[in-house]
Amino acid sequence: MRPVEFLRLSWRSIRGHRLRSTLTTLGVIIGVAAVIAFVTLGASLQAGVVGEFSPDDGRNVYGWAADPDVEGGPAAGAQPVFSEADLEAVEELEAVEAAYGYATVGTQAVSYDGEQVAQGDGLVASGPSYVREERLAEGRQFETGEREAVINPAAAGRFEENVSVGDELEVTLLGGATTTVEVVGITDTNEGLSPFEGFESAPRIYVPTDPYYAEQTDGLGIGGEGAGESARFLAIVIEAESADEEAIDRAREAAVGYLESDASDAGELMDDELAVTMQTSTELLAQLQDVLDLLQNFVVGIAAISLLVGSIGIANIMLVSVTERTREIGIMKAVGAQNRDVLGLFLAEAVILGVVGAIFGTALGLAAGYLGAWYIDLPLVYPLEYVALAIVVGVLVGIASGLYPAWRAARTDPIDALRYE
Amino acid sequence: MAESASAVALSGVRRIYHVGEPVYALDGVDLEIPRGSYTAIMGPSGSGKSTLMNLVGCLDTPTEGEVVVGGREVTGLDERERTRLRGEEVGFVFQTFNLMPRLSALENVALPGLFRGEDRATRRERAAALLERVGLAGRGDHLPNELSGGQRQRVAIARALVNDPALLLADEPTGNLDTDTGRNVLDLFDELHAAGNTVVMVTHEPHVAERAERIVHLLDGRIERIESVDAGDATGTERDATDAEGDATGTEGKD
């Protein structure tokens, strides 16, 4: 018998029990949809967080002080311990070229030429070399102590008229105070410049910690123990003498050694529970990737279990179907159907259920994944190889769950089957 | 009708079931069914009618003895070959019609061809011709539950004929039909017989059996007697089981 005829006949049986077939397929649909949705979401998340980012931070090492037991991304659980004096001292270290703080300044909105847009992400405050020369498309780095800023193209393009070098922006800080910045440079990328920012594309404004971070901490009294004491930073960036691994290790060791010693303000403030972590963005990216992978494996594992439940559903309904259609099996055998014909018919039925489930599940999963990715504003990624994989899984689920029922059907004795009521 | 003169020949056939103690469903049966003949098999329940039918229909193999269907010895065949022989040489007609409920009349008739590997166009063409022959032209698209009992039985007969079998094996074909419809179906069997088909009909109704050329009476797994029916005369005359070769074990000592 030809395969097409098998499928035709099996399809007929499936259509004969619409509700039952739909419910049976639902198990597979949900399983496959869950896998595809999370894989899509995972791929989009990865694209959003990690992006095309190929970590090339050259000489930069990023550091923060946190409880070593705290797991998570960059600066997770960080405490503001690094003082201005620490930064200066670190910069004096032989292995270290430069050191500066990193902080974000909360904002509400940014205005240009009377036009105001909301900006909740704030200003990124750091040292001049945080925005490396080679990242600048136009202009120059900002200078410490000046009311200057480097912005990225996304920030420049938010207004009706593009912001260009030399223009002035008015920034409304959290709390309502306003301040002005002069744009002195524009970067060549919308992605974050360091792991502290995250790697996703967003409008960003980079300013010097002095005056912007200093003013904010003065005003709110955070970071220091009393008014008048200089601001403390959650995170710092140090620059090694060169980009090779050895130089970076040397800079890292020297900086950590100094910051954890009692000689530094940070060391004084930190008790035994805190430790300084210093990592390059390559290292941080790898960690982030690990977390993403773990999350994805976990979810795919759960989805695989629901797929297993789905195939048990198919197996179950196929067994019922075989019993119910005993007489039909008898008729087919009486008119010359071989065991393998009967086997093929029932197997085809299970495979159709599996494949239909996989197709609908894939469609549903992609829709859900894209909706999710769109909702949390991630770039859409099309994991096409998973779609092909889902169909293969559908076939396998069908075969695995249909084999035993089909075998039972095939070896039904036609004499008993014809007598079956 | 080429190779052999008989459509079916049984010699010394025993069929023993082991249900705790051995049960002799058939206990030494010799019977020859010539090609083109019309034979009725009668007997009370438990007389071995069904077992005989299963053997003749290649659904079962004897414990002892020989069964030859369409010129081929069935006993030594494995299940696959038996299935093929059944598909090619035997056309079944059942009391409960046994049509595939989700297939149309035409598809039901075309079904045996499907398992023989015939292509779709040939199958459908042949099925349509047979439906016309049994008086159901234009009903091919109907599902079984859209047809009356008599029509369903006609579909079943068309299906039985589709592979040009050596014999038509009918098991109480009028059992589920009212008298008039039953008579029509029996007329159809008469027509088919007249056209050269071999018909074997299992029944417990004398008026049905009397349509046949001869009636084989079974009792307790043996042939009790074989009765010839004169064409056109419903009464018939009794004879000893002379048709059964090598003398009938079933005729003696059974009163």
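Residues numbered from 1 in each chain as written. Chains lettered and ligands numbered in written order. Predicted model: local features only at pLDDT ≥ 70, side-chain atom pairs only at ≥ 80, totals over all residues. Heavy atoms only, no water.

Draft legend 1. A look at unusual backbone geometry. In this structure, Pro-211 of chain A follows Asp-210 of chain A across a cis peptide bond, with omega equal to 20 degrees. Here Pro-211 of chain A is to be found in helix H5 (residues 209-220). Positive phi outside glycine occurs at Asp-113 of chain A, with the angle close to 55 degrees. Despite not being glycine, Asn-98 of chain B has its phi angle at roughly 50 degrees, a positive value. Within the secondary structure, Asn-98 of chain B sits in the loop between strand E6 (90-93) and helix H3 (105-116). Given a relative accessible area of 4%, Asn-98 of chain B falls into the buried group. (Helix = DSSP H or I, 4+ residues; strand = E, 2+ residues; numbered from the N terminus. Buried < 20%, exposed > 50% of the residue type's maximum accessible area, 1.4 Å probe, protein only.)

Draft legend 2. Main features of the nonpolar core. Within the largest apolar cluster, 68 residues are counted, with the highest numbers of intra-cluster contacts made by Leu-31, Val-69, Leu-111 and Leu-167 of chain B. Examining the composition of this core, we find that 10 residues originate from one element, helix H10 (residues 339-375) of chain A, more than from any other. The residues touching Leu-167 of chain B, leaving out its near neighbours within four places in the chain, are Ala-7, Val-8, Val-56, Val-69, Glu-89, Val-90, Gly-91, Thr-198 and Val-200 of chain B. (Core = buried A, V, L, I, M, F, W, Y, C linked by side-chain atoms within 4.5 Å. Contact = heavy atoms within 4.5 Å.)

Draft legend 3. Summary view of the interface of chain A and chain B. Opposite the 27 residues of chain A that make contact, chain B presents 29 residues. For the pair chain A and chain B, the summed buried surface comes to about 2500 Å²; carbon and sulfur atoms form 57% of the total. For the interface between chain A and chain B, the tally reads three salt bridges. Between Glu-107 of chain B and Arg-12 of chain A there is a salt bridge, and its shortest N-O distance comes to 2.4 Å. (Buried area = accessible area lost by both parts, 1.4 Å probe. Salt bridge = Lys/Arg side-chain N within 4 Å of Asp/Glu carboxyl O.)

Draft legend 4. Broad picture of a positive patch on the surface. There is a patch of like positive charges on the surface, built from Arg-340 of chain A together with Arg-72, Arg-80 and Arg-84 of chain B. Mapped onto the elements of the fold, Arg-340 of chain A is located in helix H10. On the basis of relative accessible area, Arg-340 of chain A is assigned to the exposed category, the value being 51%. (Patch = residues over 30% accessible without salt bridge, like charges linked within 9 Å, V, L, I, M, F, W, Y side chains within 5 Å. Areas by Shrake-Rupley, 256 points an atom, 1.4 Å probe, with all protein chains shown as cover. Lys, Arg positive; Asp, Glu negative; His and termini not counted. Charge placed at Lys NZ, Arg CZ, Asp CG, Glu CD.)

Draft legend 5. Molecular detail of the environment of Ile-205 of chain A. Residue and element names in this part refer to chain A. Among the structural elements, Ile-205 can be located in strand E11 (residues 205-208). Taking relative accessible area as the criterion, Ile-205 reaches 2% and is therefore assigned buried. A C-alpha to C-alpha distance of 15 Å links Ile-205 and Gln-116, two positions 89 residues apart in sequence. When sequence neighbours within four positions are dropped, the list of residues in contact with Ile-205 reads Val-110, Leu-123, Val-124, Ala-149, Val-150, Ile-151, Ala-155 and Leu-169.

Draft legend 6. Highlighting the pattern of salt bridges. In total, this model carries 22 salt bridges over all chains according to the counting rule given. Between Asp-164 of chain B and Arg-126 of chain B there is a salt bridge, with its nearest N and O atoms 3.7 Å apart. Taken together, the residues span a long stretch of sequence, with Asp-164 of chain B in the loop between helix H5 (149-161) and strand E7 (167-171) and Arg-126 of chain B in helix H4 (residues 120-133) at a distance of 38 residues. Taken together, the shared-partner salt bridges connect Arg-325, Glu-328 and Glu-349 of chain A together with Arg-102 of chain B into one network.

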